[in-house]
Amino acid sequence: MTPVQTTKMSNFRWVICALLFLATTVNYMDRQVLSLTWKDFIAPEFHWSDADYGTITGWFSIFYAIANLFAGKFIDWMGTKKGYLIAIFVWSTGAVLHAGCGWAAMTIEGYDSIEALRLVQAGSDAAVAIATVSVWLFLSCRMILALGEAGNFPAAIKVTAEYFPKKDRAFSTSIFNSGASVGALAAPATIPLLARAWGWEMAFIIIGVLGYVWMGLWMWLYEKPHKSHFVNQAELNYIEQDNDIAAVQDRTNVKEEKTIPFWDCFKYKQTWSFIVGKFMTDGVWWFFLFWAPAYFSDQYGYTSDSTMGILLILTLYAIVTILSIGGGYLPTYFVDKKGMNPYLGRMRAMLIFACFPVLGLFAQPLGAISAWWPAILIGLLGAGHQAWSANLFSTIGDMFPKSTIGTITGIGSMAGGIGSFLINKGSGNFFTWADAQGTAFTFFGFDGKPAAYMVVFCICAVAYLIGWCIMKTLVPKYRPIVVED
């Protein structure tokens, strides 16, 4: 027997996966602070409407989309260690800066206190001025947040491709991607309580500081597998099983694959398949991430800091978290038990997950019985999205060389950001308009704003099936891209 066969394999790749999970958790908690504080804490101070909040979330999505276009290439160029550090430093700083928006608005508008802002008569010219200034201040901070957060998924997907063979990537991606659900789950349990105890400003500061802690762990633990003293040769062979094992026996002779020039990426149908998958579905997740707390407050009167409001959001994201992790294992089952290639197994799994959002059609009607029904059904919809997303990200590693994974991830995430802008900005304006129309606007038996929610839920329900059909048309079979030296 060879030394490799007699040496017990290390499992350091799962430590790296845990770090990716923590980064994604912090990422989504930073993103959630605003959605959990705007309706009940921030809006009364700055006289925001749904349209104002829709403007902030919508333009955040556009900033995020634009930043993603460059973030992936930046990660490929800078490398995962330095690139990830820079990304999380920028977004954590942007998160903390939100806390100064109240003071800045008060100073610009010439008021002595935040309470003075709150007491301005609603609908007056002064209230409009306060709302306008504060929206621009929050948008500035959201732009910094978006710039940094754009680096999270290109870096994480690239690290996953570095540390896991193809057959394990969807499962490992589903684990770190579940950080989005865990972050969204932890946020309602902590952020409204922090805002109520110490003010919404401290909620931004405390959650933002977590990113700086993560940076210390990353600097200590991360190196590429062939350079890491935590990874033994047996584990390196396992990681590189898709490649020529003999080529990785000498750790000093591991070479990077040749990268694909940025604009050449758009020549491939595989790139456009990923773009379509992200554009059609990312906005659905972001809609529920940004609007679920306001939905339960608007429709059922449960504010984000009330016991019932917290329990509803916790239930929603607990369902997402528990069910979505198993979704990453399904392609491995199809590959190991059914003999499918990774891409075919992944697409089969994604078709199954694309059916979950259809349950969203029943959320609003069953909400007439109890608010628990929307929480449960939106949770199942979200679980389908996260399982879909983990497999969608893994299709990049199936098709593209590792050296280009960050770039493709960034391009697709840009498309997802554009889709999110359209649904969030459009929903904010739509809800404000529908609320003003009252009974003059009806849809499926609902009037006013409830009817508008029903319209958006219907759009979300069918987006995944449409996206899957287009992706399958573009890339019907497993067709990896090989870059010639």
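These figures come from a predicted structure and were not determined experimentally. (Residues numbered from 1 in each chain as written. Predicted model: local features only at pLDDT ≥ 70, side-chain atom pairs only at ≥ 80, totals over all residues. Heavy atoms only, no water.)

Visitor: Tell me about the overall build of the protein, and please be specific about residues and values.
Guide: Broken down by element type, the protein carries 19 helices and two strands. For 485 residues, the compact-globule formula gives about 23 Å, and the C-alpha radius of gyration of the protein, at 23 Å, lands near that figure. With respect to the principal axes defined by its C-alpha atoms, the protein has extents near 80 × 45 × 40 Å. Counting all 485 residues of the protein, 58% fall into the buried class. A separation of at least 24 residues holds for 82% of the contacts in the protein among residues at least 6 apart in sequence. When the accessible surface of the protein is totalled, it reaches about 18600 Å², and 68% of it is carbon and sulfur. Here the protein contributes 32 positive and 32 negative side-chain charges, whose respective centroids are spaced 12 Å apart. (Helix = DSSP H or I, 4+ residues; strand = E, 2+ residues; numbered from the N terminus. Rg over C-alpha atoms; globule rule 2.2 N^0.38 Å. Buried < 20%, exposed > 50% of the residue type's maximum accessible area, 1.4 Å probe, protein only. Contact = heavy atoms within 4.5 Å. Areas by Shrake-Rupley, 256 points an atom, 1.4 Å probe, with all protein chains shown as cover. Lys, Arg positive; Asp, Glu negative; His and termini not counted. Charge placed at Lys NZ, Arg CZ, Asp CG, Glu CD.)

Visitor: Provide a residue-level description of helix 19 (residues 448-474), including the pertinent values.
Guide: Helical geometry: 3.6 residues make up each α-helical turn, so side chains three or four residues apart lie on a common side. Across its 27 residues, helix 19 extends 40 Å between first and last C-alpha, which sits within 8% of the 39 Å expected from 1.5 Å per residue. Helix geometry: helix 19 is bent most strongly at Ala463, by close to 35 degrees. (Expected span 1.5 Å × (residues − 1). Bend = angle between axes of the 7 residues up to and from the residue.)

Visitor: Can you lay out the packing of aromatic side chains for me, pointing to particular residues and giving the numbers?
Guide: Tallying each qualifying case throughout the model produces 54 aromatic pairs. Between the aromatic rings of Phe60 and Tyr64, the centroid separation amounts to 6.1 Å while the plane-to-plane angle is 20 degrees, which identifies the pairing as stacked. On the criterion of helical spacing, the pair formed by Phe60 and Tyr64 is a turn pair, its members being four residues apart in helix 3 (residues 50-78). An identical accessibility class is assigned to Phe60 and Tyr64; each is buried. Taken together, a centroid distance of 6.4 Å and an interplanar angle of 75 degrees make the contact between Phe287 and Phe457 edge-to-face. A residue pair is termed long-range when its members are at least 10 positions apart, and Phe287 in helix 12 (residues 269-300) and Phe457 in helix 19 qualify at 170 residues. Every member of this aromatic cluster is reached through a ring pair, and the members are Trp38, Tyr53, Phe287, Phe288, Trp291, Tyr295, Phe296, Tyr300, Phe431, Tyr453 and Phe457. Sitting over the ring of Phe60, Arg142 keeps its end group 4.8 Å from the ring centre. (Phe/Tyr/Trp six-rings, centres within 6.5 Å; stacked < 30°, edge-to-face > 60°. Lys NZ or Arg CZ within 6 Å of the ring centre and 35° of its normal.)

Visitor: Let's hear about the side chain of Thr55: which residues, and what values?
Guide: By the element assignment, Thr55 lies in helix 3. Overall, the relative accessible area of 17% leaves Thr55 in the buried class. Not counting residues within four places of it along the chain, the set of residues in contact with Thr55 comprises Val135, Leu139 and Lys425.

Visitor: If you had to explain the pattern of salt bridges to someone new, which residues and values would you point to?
Guide: All chains considered together, the criterion is met by 13 salt bridges. With its nearest N and O atoms 4.0 Å apart, the salt bridge here joins Arg196 to Asp305. Pair noted here: Arg196 is in helix 9 (residues 166-198) and Asp305 is in the loop between helix 12 and helix 13 (307-327), with a separation of 109 residues, a long-range link. Residue Lys267 pairs with Asp264 through a salt bridge whose shortest N-O separation is 3.3 Å. The structure contains a network of salt bridges with shared partners spanning Lys39, Asp50, Asp298 and Lys449. (Salt bridge = Lys/Arg side-chain N within 4 Å of Asp/Glu carboxyl O.)

Visitor: Run through a nonpolar patch on the surface, naming residues and quoting values.
Guide: Together, Phe89, Val209, Tyr212 and Val213 give the surface a local cluster of nonpolar side chains, amounting to about 340 Å² of exposed area. Relative to the helices and strands, Tyr212 resides in helix 10 (residues 200-221). (Patch = residues over 30% accessible without salt bridge, like charges linked within 9 Å, V, L, I, M, F, W, Y side chains within 5 Å.)

Visitor: Please set out unusual backbone geometry residue by residue, giving values where relevant.
Guide: At His47, a position not held by glycine, the phi torsion is positive, near 60 degrees. Considering the arrangement of structural elements, one finds His47 in the loop between helix 2 (12-46) and helix 3. Even without glycine at this site, Phe444 takes up a positive phi of about 50 degrees. Looking at the element boundaries, Phe444 is found in the loop between strand 1 (442-443) and strand 2 (446-447). Given the relative accessible area of 63%, Phe444 is considered exposed.

Visitor: I'd like to hear about helix 14 (residues 330-338), residue by residue, with values.
Guide: Here helix 14 has its buried residues at Pro331, Thr332, Phe334 and Val335. On an axial view of helix 14, the arc spanned by its buried residues comes to 160 degrees, and they lie on one face. Exposed side chains of helix 14 directed beyond 90 degrees from the buried face belong to Lys337 and Lys338. (Arc of directions from axis to C-beta.)

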